[in-house]
Amino acid sequence: MKKFIIKAVIAFLLSAILCSVIPFYLLKTSKYEKYVSGRKTYISIRKSKEVSPQKKLILGDSVAEQLFPNAENDSAFISLACNQAIEVIGHYLLLNNYLNAGNQVDTVYFIYLPFNFQNNLNQVYTYHNFLKPFYSNEYKPYFSKTAFDQIEKIPYTYLVREPHILTSNWAPEISYTDSIDYDFLSPLSIEYLDRIKLLAEKNNFELIILPPPLNIQNKKFVDTLNKEEIFHYNLSTEFKDYFENIIYVEDYCFFDGIHLKEEYIKQYSDIYKEKWIHSK
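About the cut-offs
Residues numbered from 1 in each chain as written. Predicted model: local features only at pLDDT ≥ 70, side-chain atom pairs only at ≥ 80, totals over all residues. Heavy atoms only, no water. Helix = DSSP H or I, 4+ residues; strand = E, 2+ residues; numbered from the N terminus. Areas by Shrake-Rupley, 256 points an atom, 1.4 Å probe, with all protein chains shown as cover. Phe/Tyr/Trp six-rings, centres within 6.5 Å; stacked < 30°, edge-to-face > 60°. Buried < 20%, exposed > 50% of the residue type's maximum accessible area, 1.4 Å probe, protein only. Salt bridge = Lys/Arg side-chain N within 4 Å of Asp/Glu carboxyl O. Pairing = 2+ DSSP bridges. Expected span 1.5 Å × (residues − 1). Contact = heavy atoms within 4.5 Å. Axes fitted to C-alpha atoms, helices over the stretch in contact; angles between N-to-C directions. Parallel < 35°, antiparallel > 145°, perpendicular 65-115°, else oblique. Left-handed = near helix turned anticlockwise from the far one by under 90°. pLDDT = per-residue confidence, 0-100. Patch = residues over 30% accessible without salt bridge, like charges linked within 9 Å, V, L, I, M, F, W, Y side chains within 5 Å.

J.: Explain the overall build of the protein chain to me, please; I cannot follow it from the model alone.
T.: Of the regular secondary structure elements, the protein chain holds eleven helices and six strands. Accessible area for the protein chain stands at about 14,500 Å²; split by element, carbon and sulfur atoms hold 54% of it.

Shown next, in the form of structure tokens:
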């Protein structure tokens with residue numbers, strides 16, 4: 001009995017040590033970035049800090065990433081597209097990284113579903129997909145008051161850089177009760193689109209906002225969006241022909257209503273390359 005107790009205690013202590021050491025190892029080596037949900041965001045962050053000869057840059061959500069995978073390299077462009085959950089603010093941070101690395105850009109394509117512009121750091125995905133990669137001393141100087149105000153509404157933000165949390169898929173359950181007084185463009189989307197515009201002016205590149213292929217079942221919703229917000233916030237140049245450029249696709253082409261099935265990805269990727277990327 002005594003030997004059994006000793007073995008049990010040793011096993012418990014070893015398990016406790018491993019549970020304590022492994023997260024620090026994963027954090028130190030950045031290996032966790034390959035396994036956690038949102039790993040494509042970490043790929044884009046790493047690529048955004050590298051020196052690249054490409055002057056055409058693609059930002060965008062996960063449908064954009066299907067068309068232009070961020071793990072692949074192309075001689076005509078570089079893709080930092082990853083996930084809508086990092087929102088416009090996250091894509092601004094990726095773009096800023098790329099420019100700060102000394103890269104030259106002549107065109108930025110921001111490929112984003114129309115309803116993603118409604119997000120205001122108020123998603124169930126915000127903790128894991130935005131706070132974990134970006135809520136750090138490196139990026140906080142670029143956060144606006146609006147961003148900090150939204151982040152204050154999220155529980156357990158003080159734990160987000162804790163190794164056990166950062167290297168895991170854990171995130172708190174979040175229920176937002178904010179009243180929404182906008183239809184198409186959230187306050188944070190407006191702020192950070194303006195900041196991207198300023199980067200475009202400063203670095204002399206063209207910003208083109210494009211919609212990815214959209215399920216035909218979403219057409220009625222898109223038609224009801226208040227497009228006047230674009231003009232009200234002086235974004236008409238950036239959104240020029242955005243809604244006219246929507247390619248509506250039959251529902252059977254999507255595996256979840258939003259993301260294209262594998263067999264249709266190349267078809268639409270080629271369309272975007274021919275119509276926009278290679279035509280510039």
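That was the structure; now back to the text.
J.: Can you help me understand the packing of aromatic side chains in this one?
T.: To describe a pair of aromatic rings, you give the distance between the ring centres and the angle between the ring planes. One pass over the full model with this rule turns up 24 aromatic pairs. Arranged with centres 5.7 Å apart and planes meeting at 65°, the rings of F117 and F184 form a pair that is edge-to-face. Placement of the pair is F117 in the loop between β3 (107-111) and α5 (126-134) and F184 in the loop between α7 (163-166) and α8 (187-203), with a sequence separation of 67 residues. Neither F117 nor F184 differs from the other in exposure class; each is buried. Relative to Y242, the ring of F239 has its centre 5.4 Å away and its plane inclined at 80°; by these criteria the two rings are edge-to-face.

J.: How do you make sense of the pattern of salt bridges when you look at a structure like this?
T.: Where charged atoms from two side chains of opposite charge approach closely, those side chains can pair. Applying the stated criterion across every chain, the model contains seven salt bridges. With its nearest N and O atoms 2.8 Å apart, the salt bridge here joins K145 to D149. One end of the pair, K145, and the other, D149, are both in helix α6 (residues 145-151), four residues apart, so they sit about a helical turn from each other. Across the salt bridge formed by D223 and K219, the nearest N and O atoms sit 3.1 Å from each other. On the criterion of helical spacing, the pair formed by D223 and K219 is a turn pair, its members being four residues apart in helix α9 (residues 219-224).

J.: Looking at this structure, how should I read unusual backbone geometry?
T.: Most peptide bonds adopt trans geometry, and most residues besides glycine take a negative phi value. Phi angles above zero are rare outside glycine, and N204 is one such case at about 60°. You can see N204 is positioned in the loop between α8 and β4 (206-210). Taking the relative accessible area as the measure of exposure, N204 reaches 68% and is therefore exposed. We note that D241 has phi near 65°; this positive angle belongs to a residue other than glycine.

J.: When you look at the pairing of strand β1 (residues 56-60) in this model, what are you seeing that I'm missing?
T.: Each regular strand shows side chains that alternate between the opposite faces of the sheet. Among the five residues in β1, five count as buried, and that is most of the element. The alternating pattern of β1 places K56, I58 and G60 on one face and L57 and L59 on the opposite face, and all of these are buried. When β1 meets β3, the two strands line up parallel, connected through five bridges. Counted as the bridge partner of L57 is V108 from β3. With two bridges connecting them, β1 and strand β2 (residues 78-79) associate as parallel partners.

J.: I'm lost on α8 in this one. Help?
T.: The end-to-end C-alpha distance of α8 is 24 Å, a good match for the 24 Å that 17 residues give at a rise of 1.5 Å each. Here α8 has its buried residues at L188, S189, I190, Y192, L193, I196, K197, L199 and A200. The inward-facing, buried residues of α8 contact α4 (87-100), β3, α6 and β4. One or two positions beyond α8, positive phi appears at N204, with a value near 60°.

J.: Even after reading the chapter, I still don't get the pairing of β4, so can you show me in this structure?
T.: Of all five residues making up β4, four are buried, and the element is well covered by its neighbours. Examined bridge by bridge, β3 and β4 share five bridges and lie parallel to one another. Following the sheet pairing, Y109 is matched in β4 by I208.

J.: In this structure, what is going on with the packing of helix α2 (residues 39-48) against α5? I would like to understand it.
T.: Helix-helix packing is characterised by the crossing angle of the two axes and by the distance between the axes. Put simply, α2 and α5 touch, their axes get as near as 10 Å, and they point 30° apart. It follows from the interaxial angle that α2 and α5 lie roughly parallel. For the pair α2 and α5, the sense of crossing is right-handed. Contact with α2, carried on its side by T41, Y42 and I45, involves N129, K132, P133 and F134 of α5 and no other residues of that element.

J.: Which parts of the structure should I look at to understand the confidence of the model for the protein chain?
T.: Low pLDDT means the predicted coordinates in that region are not meant to be read closely. Scored by pLDDT, the protein chain has a mean of 88; 87% of the residues are at 70 or more. Taken as a whole, residues 7-29 scores under 50 in pLDDT and shows 16 contacts with residues more than four places along the chain or in a different chain.

J.: Would you mind showing me how to read the environment of F205 here?
T.: Checked against the element boundaries, F205 lands in the loop between α8 and β4. Along the backbone, F205 and V105 are 100 residues apart, and their C-alpha atoms lie at a distance of 5.9 Å. Discounting residues that sit within four places of it in the chain, F205 has contacts with L95, L99, V105, D106, T107, V108, I196, L199 and A200.

J.: Could you clarify how one ought to interpret a nonpolar patch on the surface in this entry?
T.: A surface patch of nonpolar side chains, about 380 Å² in accessible area, is lined by Y156, Y158 and W170. Here Y156 lies in the loop between α6 and α7. Judged by relative accessible area, Y156 falls into the partly exposed class, the value being 40%.

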